[in-house]
Amino acid sequence: MLGQGCCRAVLARGPCAEVTRCSCGHIHLAVGPVTLRLEEDVLRALGHTLVEAIQKLEAPPAHEAEASEPQAPTAAHGAPGGGWKQ
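Predicted model, so just to flag it, every value in this text is computed and none were measured.

In this section: the overall build of the protein. When you go through the protein residue by residue, the secondary structure sums to two helices and four strands. For the protein, the succession of helices and strands along the chain, N to C, is β-β-β-β-α-α. Counting over 86 residues, the protein shows a buried share of 10%. Residue pairs in contact within the protein that sit at least 24 positions apart in sequence constitute 2% of those at least 6 positions apart. As displayed, the protein offers around 7,200 Å² of accessible surface, 60% of which is attributable to carbon and sulfur atoms.

Looking at the secondary structure, you find T20 in strand β2 (residues 17-22). The residues touching T20, leaving out its near neighbours within four places in the chain, are R8, A9, V10, L11, H26, I27 and H28.

Okay, the pattern of salt bridges next. Any two side chains of opposite charge can pair, so long as their charged atoms come close to each other. On inspection of all chains with the given rule, the structure shows four salt bridges. Between R13 and E18 there is a salt bridge; the shortest N-O distance is 2.6 Å. A salt bridge links E52 to K56, with the nearest nitrogen and oxygen atoms 3.3 Å apart. Remark: K56 and E52 occur in helix α1 (residues 40-58); sequence separation between them is four residues, near one turn of the helix. Assessed through its relative accessible area of 60%, K56 is described here as exposed.

So, how was this worked out
- Residues numbered from 1 in each chain as written.
- Predicted model: local features only at pLDDT ≥ 70, side-chain atom pairs only at ≥ 80, totals over all residues.
- Heavy atoms only, no water.
- Helix = DSSP H or I, 4+ residues; strand = E, 2+ residues; numbered from the N terminus.
- Buried < 20%, exposed > 50% of the residue type's maximum accessible area, 1.4 Å probe, protein only.
- Contact = heavy atoms within 4.5 Å.
- Areas by Shrake-Rupley, 256 points an atom, 1.4 Å probe, with all protein chains shown as cover.
- Salt bridge = Lys/Arg side-chain N within 4 Å of Asp/Glu carboxyl O.

What follows is the structure, encoded as structure tokens:
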């Protein structure tokens, strides 16, 4: 609920969230039916955390990155020449 004299300006709006700044100084982050009232420094910290999470989601999983690097065959991994023993 807005206090007397408070008004909000939209900072950003997307398909699933909206960020507004209240004239009293708080930032409001609305995601669906949930609204968080944040201070500006908390919003910035949250933004950095979300960017880090997105970068990790977009990076290939560790096992895929390892598989793309050529590895020398060893007795434990296979026969000489890269073929697998059966």
